[in-house]
Amino acid sequence: MSELSTSTPPALATPAFTRGTRLRILVRMLAIQGSWNYEILMGNGMGFCIEPALRTLPGGREGTAYREALARQSAYFNAHPYLAALAVGALARAECDQVPPSRIERFRTALCGPLGSVGDRLVWAAWLPACSLVGLLLFGLHGTPQAVLLGFLLLYNAGHLWLRIWGLHAGWHQGLRVASALGHPVLQHGPRYIGRGAAVCAGLALPLAVHRALGGGDPLGAVPIGVAVATPLLAVVLVRVRGRAEGWRVVLLMLVLCVLYSVTR
Amino acid sequence: MGLEPAGASVAGVAVLAGVLGLDVVSFPQAMISRPIVAATVAGALAGSPVAGLACGAALECLALETLPVGASRYPEWGSASAVAGAVAATGAGPLSLPHPGMFVVAVVAGIVAGWYGGESMSWHRRLIARFARRRLGRLAEGDRRTVYALQAFGIGADLLRGALNGLLFFLPARATALWVSARWSLPGDLTRAVTITAVAAVAAAALWIDFHAISGTRRLFLLSLTLGTLLVVIGV
């Protein structure tokens with residue numbers, strides 16, 4: 001983090017960041033993990049995304065500055081794929097400002113950890129489950145397939161695309177001072193508020209979705225009451241065996257036994 | 001029984017599985033690969049979006065348990081949900097829930113295909129690493145054609161991986177589901193109850209564990225769970 005917190009902005013004037021370049025980078029960022037691998041992780045994807053901005057370097061695409069910058073940006077890198085937009089913007093700016101290579105490399109290395117952990121906490125652990133639960137709630141409220149799909153996809157992608165667009169914008173404008181963007185309230189407090197919203201949504205969604213999936217009959221019949229009793233009991237068992245057995249494996253075993261019993265009895 | 005093997009074409013499921021498998025990591029990560037979306041689309045392709053949606057909701061409960069974090073291994077639900085949704089929709093009417101036997105086998109097929117898909121993602125990543133290793137020299141020279149080639153190779157291979165996953169599981173899963181459904185002896189409501197209890201318990205356990213991180217969240221969950229149950233009882 002030291003490179004992130006002690007950096008000072010370069011004294012050069014802001015280079016042009018045309019709408020065309022921004023759009024090209026944004027579209028490419030959708031494929032930032034297109035070549036994710038165990039050798040350089042998303043390094044090649046970073047180079048691929050930043051490349052349109054590098055074309056403005058002296059000498060253009062055939063120039064030495066372009067090739068050196070592309071080589072630097074295609075080396076090992078890892079971050080959350082959406083929040084990598086901050087790194088893409090900041091590193092593109094640093095390259096266009098012709099910041100010394102050693103400093104760019106140190107800065108690039110320092111970005112990996114924070115962008116990974118903040119993104120995982122905000123998106124994978126909070127936003128995605130929350131949107132999933134909204135989808136399940138819509139299903140439980142007897143939403144049509146189209147309503148469930150649109151509700152989930154529009155909500156999720158509003159957050160997803162906002163993060164990528166904001167990240168690129170903030171990264172480019174803050175350059176090497178991008179660490180301050182990590183203090184954005186959404187990144188800092190978002191997981192807490194989204195988590196609380198998800199808890200409310202989960203509590204409403206589970207019984208409603210279960211009821212619809214059961215066929216929507218009398219909720220006080222023997223089968224729904226049985227489900228209402230058995231589900232929390234099984235959940236407690238799963239919480240207790242956590243770390244030793246993943247839930248999907250337990251479900252697989254239960255359902256295979258159910259199939260065998262039903263077809264052989 | 002009225003279960004017709006007609007429904008989604010093998011090619012249709014393979015193409016859909018490829019596109020959905022691609023969305024998981026490579027492009028564009030818009031979460032069209034989430035089971036609740038993917039299985040519904042596959043169900044619609046097979047003639048019953050509602051059956052696909054019911055299967056997708058069940059698999060979505062399981063997907064809540066796994067976080068798709070970086071290099072960790074997790075089931076690949078995109079192509080798996082294409083298989084599961086198409087199987088669940090086989091023989092179901094456009095607005096009807098899946099046949100109980102089909103439903104159980106579809107969820108089982110989704111889990112197995114998801115597990116295999118997760119393994120295949122790991123092989124895919126190793127394959128790109130091997131492809132990249134031979135080109136590290138040219139990458140270090142800043143050759144843009146190499147950068148493009150690596151991206152194209154990774155995305156193309158991932159599309160193929162998802163499609164193959166769909167091909168590998170769809171026909172056997174559908175044949176098994178038809179065979180099982182013809183011999184199914186448990187009452188439909190009991191079958192659904194067993195399946196739904198299992199997946200809902202996984203979701204509840206996963207959420208309970210996740211909510212531990214934020215103070216007061218578990219209490220909110222329990223309060224809204226009570227409210228949700230009341231809404232069901234009063235018939236909302």
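Residues numbered from 1 in each chain as written. Chains lettered and ligands numbered in written order. Predicted model: local features only at pLDDT ≥ 70, side-chain atom pairs only at ≥ 80, totals over all residues. Heavy atoms only, no water.

Enquirer: Can you walk me through the interface of chain B and chain A in this structure?
Expert: Interfaces are often described in size by the accessible area the parts lose on coming together. The interface is formed by 96 residues belonging to chain B together with 90 residues belonging to chain A. Counting each side, the surface lost to burial between chain B and chain A is near 8100 Å², with a carbon and sulfur contribution of 75%. Its largest share of buried area at the contact with chain A, chain B owes to Arg144, Gln151 and Val232 of chain B, together 8% of the area lost on that side. Seen at the junction of chain B and chain A, the total is 2 salt bridges. The partner of Glu39 of chain A in a salt bridge is Arg133 of chain B, and the shortest N-O contact between them spans 2.8 Å. Between the two partners, chain B and chain A, sit 24 residue pairs in polar contact (both at pLDDT 80 or more). The element that contributes the greatest number of residues to the side of chain B that touches chain A is helix H8 (residues 188-211) of chain B, accounting for 19 residues. Here the side of chain B that touches chain A is built from residues that sort into 68 nonpolar, 16 polar and 12 charged. (Contact = heavy atoms within 4.5 Å. Buried area = accessible area lost by both parts, 1.4 Å probe. Salt bridge = Lys/Arg side-chain N within 4 Å of Asp/Glu carboxyl O. Polar contact = N/O pair within 3.5 Å; in protein donor to acceptor, adjacent residues only side chain to side chain. Helix = DSSP H or I, 4+ residues; strand = E, 2+ residues; numbered from the N terminus. Nonpolar A, V, L, I, M, F, W, Y, C, P; charged D, E, K, R; others polar.)

Enquirer: So what exactly am I meant to see when it comes to the nonpolar core here?
Expert: Generally speaking, nonpolar side chains in soluble globular proteins are found buried as a group. Residues Met46, Leu86, Val88, Phe152 and Tyr156 of chain A together with Leu62 of chain B are the most contacted members of the largest nonpolar core, which totals 157 residues. Ignoring any residue separated from it by four or fewer positions in sequence, one finds Phe152 of chain A in contact with Leu128, Cys131, Ser132 and Gly135 of chain A together with Met31, Arg34, Ile36 and Val37 of chain B. (Core = buried A, V, L, I, M, F, W, Y, C linked by side-chain atoms within 4.5 Å. Buried < 20%, exposed > 50% of the residue type's maximum accessible area, 1.4 Å probe, protein only.)

Enquirer: I would appreciate a short explanation of a nonpolar patch on the surface in the present structure.
Expert: A grouping of Leu141, Leu220, Ile225, Val229 and Leu233 of chain A together with Val233, Ile234 and Val236 of chain B is seen on the molecular surface, where their side chains present a nonpolar patch of about 760 Å² in accessible area. Only helix H9 (222-240) of chain A together with helix H9 (217-234) of chain B provide two or more residues apiece to the nonpolar patch. Here the nonpolar patch gets 3 residues from one element, more than from any other, and that element is H9 of chain A. Tracing the backbone shows Val229 of chain A in helix H9. For Val229 of chain A, a relative accessible area of 48% gives the class partly exposed. (Patch = residues over 30% accessible without salt bridge, like charges linked within 9 Å, V, L, I, M, F, W, Y side chains within 5 Å. Areas by Shrake-Rupley, 256 points an atom, 1.4 Å probe, with all protein chains shown as cover.)

Enquirer: What's the story with helix H2 (residues 19-29) of chain A in this structure? I'm lost.
Expert: One turn of an α-helix holds 3.6 residues; hence residues three or four places apart share an orientation. For H2 of chain A, the full list of buried residues reads Thr21, Ile25, Leu26, Arg28 and Met29 of chain A. One side of H2 of chain A carries all its buried residues, which in axial view fall inside an arc of 165°. Exposed residues lying more than 90 degrees from the buried face of H2 of chain A are Arg19 and Leu23 of chain A. Check the buried side of H2 of chain A and you find it contacts helix H3 (43-54), helix H5 (84-96) and helix H7 (145-174) of chain A together with helix H7 (144-182) of chain B. (Arc of directions from axis to C-beta.)

Enquirer: How do you make sense of the packing of aromatic side chains when you look at a structure like this?
Expert: Ring pairs (aromatic) are described by centroid distance and by the angle formed between their planes. Within this structure, the stated rule accounts for 12 aromatic pairs over all chains. Measuring from centroid to centroid gives 6.4 Å for Trp208 of chain B and Phe221 of chain B, while their planes differ by 50°, and the two rings are tilted. Residue Trp208 of chain B is found in helix H8, and its partner Phe221 of chain B is found in helix H9; the two are separated by 13 residues along the sequence. On the accessibility criterion, Phe221 of chain B (3% relative accessible area) is buried. A network of ring pairs unites the aromatic residues Tyr82, Trp124, Phe152 and Tyr156 of chain A as a single cluster. Above the face of the Trp172 of chain A ring, Arg93 of chain A is positioned so that its terminal group lies 5.7 Å from the ring centre. (Phe/Tyr/Trp six-rings, centres within 6.5 Å; stacked < 30°, edge-to-face > 60°. Lys NZ or Arg CZ within 6 Å of the ring centre and 35° of its normal.)

Keep in mind that these numbers describe shape and distance, not what the molecule does.
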